[in-house]
Amino acid sequence: MLHPKGAPIINVVTARVVENARFVSLISPPPGHDAAAAIERMRPCLGAAAGGVANRFGIPPCIVAVTPDAKAAEDAVNLITSLGGDAFAPSSADILALGPTLKVKHLERSDNGSLHADLWRGGSITFEPASIQILVRASLGKRPAGFGTPDADHLAQIGATGALVLDVALGGDGLGYAGRLGPSPPPPLRPTNIPSEKLDVHLATGQVLQIDGDKFGFQILGVLRRQSDKANIDEMIELFRHLADHLILDTYFPTFKPPKDVDRIRLPNARLNNDHPIFAFYSRWAALMYRHVAASR
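Predicted model only: the values in this text are computed from it and were never measured.

## Here's the deal with the overall build of the chain
Part 1 of the argument: For the chain, the count of helices and strands is 9 helices and 10 strands.
Part 2 of the argument: Here the chain holds 297 residues, and the buried ones make up 49% of them.
Part 3 of the argument: For the chain, the share of sequence-separated contacts (at least 6 apart) that also reach a separation of at least 24 residues comes to 73%.
Part 4 of the argument: Total accessible area on the chain stands at roughly 14100 Å², and carbon and sulfur atoms take up 53% of it.

Structure follows, in structure tokens:
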């Protein structure tokens, strides 16, 4: 989901639109079209939102326009699909329907193989590994870390093509990305910061659990538990993959270009959870996209 550097910036969402927004998203262009040509074909369908079309896009999947007009969004999607491409237009209501982020305090595997999660806001949830559909991983913001140097993985560019995304959504194996943390170097002369590591776990029920590196102890890893949150999130991904080898892993949040004001969509308990609003939106938009692709086959 790589957006080329220098792509123009979209400016199509207003506070008025967000509550009833449809996020017109191009997943794959029709045969014989590139992303720009496909989006140009969508322009006539989008009415007032057409001014924002193609102002921000890269290699699909990507959000190309936002409109409160459900019919306009549907027409744009139908045009692309009629030409052999793929598109969808989830609404802000679809995003909100996935509910709050359920932050996991403790996770353990039962004797019968099910997973039991105690939640930070009280309560617990037990689920089967087979119900894990999608993992969305991100490194968010910065928190003080004393002295250190960012390892190579923090500096690497993460990129993928839309074809690769679709391949994995349909059962391929090329989408995953797991960084490796090497030995700690000697303290350098300048202080650095460490990202806050998050892993959203989307279940078939629609619930969104989150392994938050700042608030999760990783005891479930046992002897595989590492010294850094980043390495421990990598190990959690491998554990989930071992338990549910059908799942999809998405690591493309760093390349996501959010529409303006999308952070106005607030999930329940967002402030209590200290949710990152753009990541919370992206995680749910991506999950809806993968489910759309799977359902359309």
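There is more to say after this.
## As for the pattern of salt bridges
Part 1 of the argument: For the coordinates displayed, the defined rule picks out 10 salt bridges.
Part 2 of the argument: A salt bridge links Asp 214 to Lys 198, with the shortest nitrogen-to-oxygen separation between them at 3.5 Å. Of this pair, Asp 214 sits in the loop between β9 (208-212) and α7 (229-243) while Lys 198 sits in strand β8 (residues 191-203), and the two are 16 residues apart along the sequence.
Part 3 of the argument: Asp 214 gets classed as partly exposed once you look at its relative accessible area, which sits at 40%.
Part 4 of the argument: Through salt bridges that share partners, Lys 103, Lys 198, Asp 212 and Asp 214 make up one connected network.

## Some words on unusual backbone geometry
Part 1 of the argument: Even without being a glycine, Phe 218 presents a positive backbone phi close to 65 degrees.
Part 2 of the argument: Counting through the fold element by element, Phe 218 comes out in the loop between β9 and α7.
Part 3 of the argument: Taking the relative accessible area as the measure of exposure, Phe 218 reaches 2% and is therefore buried.
Part 4 of the argument: Of note in the backbone geometry, Asn 269 takes a positive phi value of approximately 65 degrees without being a glycine.
Part 5 of the argument: With respect to the helices and strands, the residue Asn 269 is situated in the loop between β10 (248-250) and α8 (270-273).
Part 6 of the argument: On the basis of relative accessibility, which here comes to 40%, the residue Asn 269 falls in the partly exposed class.

## Focus: the nonpolar core
Part 1 of the argument: Grouped together as the largest cluster of nonpolar side chains are 30 residues, with contacts concentrated most on Phe 23, Ile 63, Phe 253, Phe 256, Phe 281, Tyr 282 and Trp 285.
Part 2 of the argument: Taken together, the elements giving at least two residues each to this core come down to β1 (22-28), β2 (62-67), β7 (132-147) and α9 (277-296).
Part 3 of the argument: Residue contributions to this core peak at 11 residues, all from α9.
Part 4 of the argument: Ignoring sequence-local partners within four residues, the contact set of Phe 281 consists of Phe 23, Ile 63, Ile 95, Phe 256, Val 262 and Ile 265.

## Some thoughts on the confidence of the model for the chain
Part 1 of the argument: Averaged over the chain, the pLDDT score is 80; the fraction of residues at 70 or greater is 73%.
Part 2 of the argument: Predicted confidence for residues 1-17 stays below pLDDT 50, and this span has 53 contacts to residues more than four positions away or in other chains.
Part 3 of the argument: A low-confidence stretch, residues 145-166 (pLDDT under 50), is modelled with 57 contacts involving residues beyond four sequence positions or located in other chains.

## Focus on the packing of aromatic side chains
Part 1 of the argument: Using the criterion set out here, one finds 8 aromatic pairs in the structure.
Part 2 of the argument: Clustering of aromatic rings is evident, with ring pairs tying together Phe 23, Phe 253, Phe 256, Phe 279, Phe 281, Tyr 282 and Trp 285.
Part 3 of the argument: In this arrangement the basic side chain of Lys 105 is found over the ring face of Trp 120, its NZ or CZ atom lying 4.9 Å from the centre.
Part 4 of the argument: Above the ring of Trp 120, the side-chain terminus of Lys 215 is found at 4.5 Å from the ring centroid.

## A few points about the side chain of Asp 212
Part 1 of the argument: Residue position: Asp 212 is located in strand β9.
Part 2 of the argument: Polar contacts involving the side chain of Asp 212 include one to the side chain of Lys 103, which spans 2.6 Å.
Part 3 of the argument: Those residues in contact with Asp 212 that lie beyond four places of it in its chain are Lys 103, Ser 196, Glu 197 and Lys 198.

## Structural notes on helix α2 (residues 35-42)
Helical geometry note: an α-helix holds 3.6 residues per turn, so side chains three or four residues apart project in the same direction.
Part 1 of the argument: When α2 is considered as a whole, its buried residues turn out to be Ala 35, Ala 38, Ile 39 and Met 42. Each buried residue of α2 lies within a common arc of 95 degrees when the element is viewed along its axis, so the set occupies one face.
Part 2 of the argument: In this structure, the buried residues of α2 make contact with β1, β2 and α3 (70-82).
Part 3 of the argument: The N-cap residue of α2 is Asp 34: its side-chain oxygen and the backbone nitrogen of Ala 36 are 3.3 Å apart.

## What to know about the pairing of β1
Part 1 of the argument: Within β1, 6 of the 7 residues are buried, which leaves it mostly tucked inside the rest of the structure.
Part 2 of the argument: In terms of strand pairing, β1 meets β2 through 5 bridges, oriented antiparallel. Bridged to Val 24 within β2 is Ala 65.
Part 3 of the argument: Pairing of β1 with strand β3 (residues 86-88), which is carried by 3 bridges, proceeds in the antiparallel orientation. Among the inter-strand pairings, Leu 26 is bridged to a residue of β3, identified as Ala 87.

Thresholds, definitions, all that
Residues numbered from 1 in each chain as written. Predicted model: local features only at pLDDT ≥ 70, side-chain atom pairs only at ≥ 80, totals over all residues. Heavy atoms only, no water. Helix = DSSP H or I, 4+ residues; strand = E, 2+ residues; numbered from the N terminus. Buried < 20%, exposed > 50% of the residue type's maximum accessible area, 1.4 Å probe, protein only. Contact = heavy atoms within 4.5 Å. Areas by Shrake-Rupley, 256 points an atom, 1.4 Å probe, with all protein chains shown as cover. Salt bridge = Lys/Arg side-chain N within 4 Å of Asp/Glu carboxyl O. Core = buried A, V, L, I, M, F, W, Y, C linked by side-chain atoms within 4.5 Å. pLDDT = per-residue confidence, 0-100. Phe/Tyr/Trp six-rings, centres within 6.5 Å; stacked < 30°, edge-to-face > 60°. Lys NZ or Arg CZ within 6 Å of the ring centre and 35° of its normal. Polar contact = N/O pair within 3.5 Å; in protein donor to acceptor, adjacent residues only side chain to side chain. Arc of directions from axis to C-beta. Pairing = 2+ DSSP bridges.

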